[in-house]
Amino acid sequence: MRAAAGVGLYFTGNGAVFAALLPWYPLLVDRLGLSSWQFGLVVACFAVGSLLSSALPAALIARFGAHRVVIVGTVMLGVAASATAWSVNGVMMAICLLLLGCCDAIVDVAQNVVGISVQERAGRTILSSMHALWSLGGLLSGAAATAAASSGADMRMWLGLIGVAAAVITIVGRRLIGDYASPRRVADSDAEPEGRSGDGAVGRSKRMVLCAALPLAIVAICGAAVEDIANNWAGLAAVEFAGVPAASAGIAFSVVIGSQCLGRFSGDVLVTWFGAGRIAGFGGGLIACGGIGVIAAQEPVLLLVSMGALGFGSATLVPGALGAAARLPGVGRAGGVTVVNWLMRVGYLGTSPLVGVVATGGGLRWGLGIIVLVGLVTVVFANRLDVRRT
């Protein structure tokens, strides 16, 4: 349907912006002279920025409507990504990533709110496919950026062009959606608590809501941690473990996001057949196996196969957790998604700094060993995704 295609363009444009920056990380590290722990702290500023914006998404959606938030946020996202290319030191890069994370968190909540609204009106699961289009946008953008970096293209001009393209894609998506999920309708449905008629959830305390959301957030953290590690460390792992040239190291990130894209396109069908909990548990097992393969890799084939397992295994974790968050009793759709999204970003805030610190002390292989733990935690909490609307 047209509305689902429009939401898909929202996700595609969002995925394309950040992915266009990631393949340039190894070159930025060389240019700015950053050590492993310094780089870990710099890229963690992306998560810090997303946390600083935690109170904004629901308020902005209620005030302006989700569609306007997505469009304006995507434009600002492109500006922040382009500014990163002009960094002259680690501090400037950290500030740019801080702004990038702030804009990304706002757009992320708004586009998920629109996607969930369209999904519920359509009466069928589409959210995993929407996240698949996010991965597809990232895959195409990341692969193009890798090719551009290998050919010696100008990083600043490239990121500027991607920012403009993402804004255009988002505007086209808005035209396709039309009035099917209007900004006012989405905002109103989000502001109204679910289950008003006698289920006792409206009076639920903030602590109880957080307790209900925490298991979902843990699963989302695991999925986001895999993405975060792939974003920030896959290229460096390809260079250090498999001897891939720095300009071509973006291929490792492209493999992760490509396999994640395939997993998300198939995720809606698999979740419908087997349930979100079972699929998430299987994904956790793949993440653990992929993590073992990554830290054991000595050549490109095993490394890339393991990266593929990480991407496929993490495919349904974040969309599954956000979809379940929208069904939490006692909070509105935007409220549930915002709470889990915020907890998710709090949880993986320390991922890259932890990898960087361990890598500085014991080597990158030890640092990336955290992936195995992430997979095991996913298996433990996967069944909490089976939340039913009351």
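Given the structure is predicted, the values throughout are model-derived calculations rather than measurements. (Residues numbered from 1 in each chain as written. Predicted model: local features only at pLDDT ≥ 70, side-chain atom pairs only at ≥ 80, totals over all residues. Heavy atoms only, no water.)

## Remarks on the pattern of salt bridges
Reasoning step 1: Applying the stated criterion across every chain, the model contains two salt bridges.
Reasoning step 2: Here Arg156 and Asp154 are joined by a salt bridge, their closest N and O atoms 3.4 Å apart.
Reasoning step 3: A relative accessible area of 36% means that Asp154 is categorised as partly exposed.
Reasoning step 4: Glu227 is paired through a salt bridge with Arg264; the nearest N and O atoms lie 2.8 Å apart. Of this pair, Glu227 sits in helix H10 (residues 206–242) while Arg264 is found in helix H11 (residues 250–274), placing the two residues 37 residues apart along the sequence.
Reasoning step 5: With relative accessibility at 16%, the residue Glu227 sits in the buried group.
Reasoning step 6: Residue class for Arg264 comes out buried when judged on its relative accessible area of 1%. (Salt bridge = Lys/Arg side-chain N within 4 Å of Asp/Glu carboxyl O. Buried < 20%, exposed > 50% of the residue type's maximum accessible area, 1.4 Å probe, protein only. Helix = DSSP H or I, 4+ residues; strand = E, 2+ residues; numbered from the N terminus.)

## Considering helix H16 (residues 351–362)
Reasoning step 1: Taking 1.5 Å per residue, 12 residues should reach 16 Å; H16 reaches 16 Å between its end C-alpha atoms and fits that length.
Reasoning step 2: The complete set of buried residues in H16 reads Thr351, Ser352, Pro353, Val355, Gly356 and Ala359. (Expected span 1.5 Å × (residues − 1).)

## Let's talk about a nonpolar patch on the surface
Reasoning step 1: A cluster of nonpolar side chains, namely Trp37, Leu41 and Val357, defines an oily patch on the protein surface of about 310 Å² accessible area.
Reasoning step 2: Within the fold, Val357 resides in helix H16.
Reasoning step 3: Relative accessible area serves as the criterion here: at 56%, Val357 is assigned to the exposed category. (Patch = residues over 30% accessible without salt bridge, like charges linked within 9 Å, V, L, I, M, F, W, Y side chains within 5 Å. Areas by Shrake-Rupley, 256 points an atom, 1.4 Å probe, with all protein chains shown as cover.)

## Overview of the confidence of the model for the chain
Reasoning step 1: When pLDDT is averaged along the chain, the result is 83; 90% of the residues meet or exceed 70.
Reasoning step 2: In the predicted structure, residues 183–204 sits below a pLDDT of 50 and forms 43 contacts with residues beyond four places in sequence or in another chain. (pLDDT = per-residue confidence, 0-100. Contact = heavy atoms within 4.5 Å.)

## Details of the domain arrangement of the chain
Reasoning step 1: Looking at the chain, the domain boundaries give domain 1 (1–177) and domain 2 (207–385).
Reasoning step 2: Averaged C-alpha coordinates put domain 1 and domain 2 at centres separated by 18 Å.
Reasoning step 3: Taken together, the contact between domain 1 and domain 2 spans 49 residues of the former and 43 residues of the latter.
Reasoning step 4: Around 3800 Å² of area is buried between domain 1 and domain 2 when both sides are counted, 69% of it from carbon and sulfur atoms.
Reasoning step 5: By the criterion of area lost to domain 2, the three top residues of domain 1 are Pro26, Leu51 and Ser128, representing 13% of everything that side buries.
Reasoning step 6: Inspection of the domain 1/domain 2 interface yields zero salt bridges. (Domains from an automatic or database assignment. Buried area = accessible area lost by both parts, 1.4 Å probe.)

## A closer look at empty space enclosed by the protein
Reasoning step 1: Enumeration over the complete set of coordinates arrives at six cavities of 30 Å³ or more.
Reasoning step 2: Estimated volume of the largest cavity: approximately 290 Å³.
Reasoning step 3: Along the walls of the largest cavity sit 18 residues, with Asp104, Asp108, Trp134, Glu227 and Arg345 positioned nearest its centre.
Reasoning step 4: Counting only elements with at least two residues in the lining of the largest cavity, the list comes to helix H1 (2–21), helix H6 (90–122), helix H7 (127–150), H10 and helix H15 (333–347).
Reasoning step 5: Counting residues per element, the lining of the largest cavity draws most heavily on H10, at four residues. (1 Å grid on protein atoms, 1.4 Å probe; cavity = no way out; pocket = protein on both sides within 12 Å on 5 of 7 lines; lining within 4 Å. Points joined across faces, edges and corners; volume = space filled by probe spheres on them.)

## Details of the side chain of Gln119
Reasoning step 1: Here Gln119 lies in helix H6.
Reasoning step 2: Here Gln119 falls in the buried class, since its relative accessible area comes to 14%.
Reasoning step 3: Contacts of Gln119, omitting those with residues within four sequence positions, involve Arg124, Thr125, Ile126 and Leu127.

## Examining the packing of aromatic side chains
Reasoning step 1: On inspection of all chains with the given rule, the structure shows four aromatic pairs.
Reasoning step 2: Considering the side-chain rings of Tyr25 and Phe39, the 5.5 Å spacing of their centres and the 85 degrees angle between planes classify their relative orientation as edge-to-face. Taken together, the residues Tyr25 in helix H2 (residues 25–32) and Phe39 in helix H3 (residues 36–52) connect sequence positions 14 residues apart. There is no split in this pair, since Tyr25 and Phe39 are both buried.
Reasoning step 3: Seen in terms of ring centroids, Trp273 and Phe274 are 6.3 Å apart; in terms of plane orientation they differ by 85 degrees. Their pairing is edge-to-face.
Reasoning step 4: What makes Trp273 exposed here is its relative accessible area of 63%.
Reasoning step 5: Three or more aromatic residues joined by ring pairs make a cluster, and in this case those are Tyr25, Phe39 and Trp233.
Reasoning step 6: In this structure, Arg365 is placed above the aromatic ring of Phe241, and the distance from its NZ or CZ to the ring centre is 4.1 Å. (Phe/Tyr/Trp six-rings, centres within 6.5 Å; stacked < 30°, edge-to-face > 60°. Lys NZ or Arg CZ within 6 Å of the ring centre and 35° of its normal.)

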